[in-house]
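# Overview (structure and organization)
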Amino acid sequence: MPIEPTSKIWHNGNLIPWDKAQLHVMSHVVHYGSSVFEGIRCYGQPQGAAVFRLPEHMQRLIDSGKIYRMTLPYSLDQLTSAVVELVEANGVAPCYIRPIALRGYGEVGVNPKNSPIEIYIANYPWGKYVPGDDGADVCISSWNRLAPNTMPSLAKAGANYMNSQLIRMEADINGYSEGIALDVNGYLSEGSGENLFIVRNGVVYTSPLANSVLSGITRDSVLTLARHLGIPVVEQSLPRELLYIADEVFFTGTAAEVTPIRSVDRITVADGKTGPITKQLADEFFGIANGLRPDRFGWLTPVNVNVEQTVTV
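Residues numbered from 1 in each chain as written. Predicted model: local features only at pLDDT ≥ 70, side-chain atom pairs only at ≥ 80, totals over all residues. Heavy atoms only, no water.

Quick look at the pairing of strand E1 (residues 8–11) now. A regular strand places its side chains on the two faces of the sheet in alternate fashion. Judged from the 4 bridges that link them, E1 and strand E2 (residues 14–17) form a sheet pairing that is antiparallel. Residue pairing for E2: His11 is matched across the bridge by Asn14. Note: E1 against strand E7 (residues 117–124), 2 bridges, orientation antiparallel. Residue pairing in the sheet places Trp10 in a bridge with Ile121 of E7. (Pairing = 2+ DSSP bridges. Helix = DSSP H or I, 4+ residues; strand = E, 2+ residues; numbered from the N terminus.)

Of all 5 residues that make up strand E9 (residues 178–182), 5 are buried, and the element is covered over most of its length. The side-chain alternation of E9 yields two buried faces, one formed by Glu178, Ile180 and Leu182 and the other by Gly179 and Ala181. As defined by bridge partners, strand E8 (residues 136–140) adjoins E9 across 3 bridges and the pair is classed as parallel. Bridge assignment links Cys139 to a residue of E9, and that residue is Gly179. After leaving E8, the chain enters helix H4 (residues 161–173) and then returns to the sheet as E9, a path that is right-handed. Two elements, E9 and strand E10 (residues 188–191), share 3 bridges in a ladder whose sense is antiparallel. Along E10, the bridge assignment pairs Ala181 with Glu190. Turn length for the E9-E10 hairpin, with the two strands adjacent in sequence and antiparallel, is 5 residues, and the turn residue Gly186 shows positive phi of about 90 degrees. (Buried < 20%, exposed > 50% of the residue type's maximum accessible area, 1.4 Å probe, protein only. Right-handed = clockwise from strand over helix to strand, strands pointing away.)

A word on the packing of aromatic side chains. Taken as a whole, this structure holds 12 aromatic pairs when the rule is applied. Taken together, a centroid distance of 5.8 Å and an interplanar angle of 50 degrees make the contact between Tyr96 and Tyr124 tilted. Taken together, the residues Tyr96 in strand E6 (residues 95–103) and Tyr124 in strand E7 connect sequence positions 28 residues apart. Residue classification places Tyr96 among the buried residues on the basis of a relative accessible area of 4%. Between Phe197 and Phe250 the ring centres are 5.0 Å apart and the planes differ by 0 degrees, which places this aromatic pair in the stacked class. (Phe/Tyr/Trp six-rings, centres within 6.5 Å; stacked < 30°, edge-to-face > 60°.)

Next up, the structure:
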């Protein structure tokens, strides 16, 4: 969906005009994909707005940089403060927040050591990510997720999303909302930009990190909520065919939030309607995010922005 520009972007400690946030075409990131990034949501609250799990997201940005030998020149506190400063300066909420650390203009060559590390943070309005008002119709992709010891899946790196683009474009061409990738051994991994959950006989299943999945913040949130609500949770390698006999299937992610899946490979999941456990978890997730239920886990960082639209689950 098109990006709706806001007024300012945070760049290396300063707020600059949106149109001034530009890179040289010879920047290392343009040629080699050398970036790590985050996706974060700021939700409207009954009396203001709040960023969802901001410290956890910015810690993952730092961790992703460390994996790729990119020592970010700002601390966790500085990065979280930068997000609050930016959202308040632009006065836009609800919104999506995109921090990115990249290797800029320095040298051309695979070795990035003499290319400077730059950090940008932008925020802008963004709505529903995965198409499908009554649940998403998805497919198993012909593209596998990255094999272990090739490109690290725990790093949320720009280059990894070339794989994601292939998965998403193939799904779109074939009339699906999204694709689900298998790992190198044929077990379920994740969507192009979402973690995957299956419900069967009252138990919530999801693939472990070893199956080439990103350590999703929303994934962790849903696992936490499920355990808090007394719903059994199992993290284990899962075969593809479990999707076809599941009682419920859903995606999680910052962009996808909690998105029910209606069908897989044209096979309807149960009766095709959002299942009770998916709904229970989604209601709890959105209730906390939108400030309608207690923030019992300390997930919200308040920002001083007036929200005009009505807040609902």
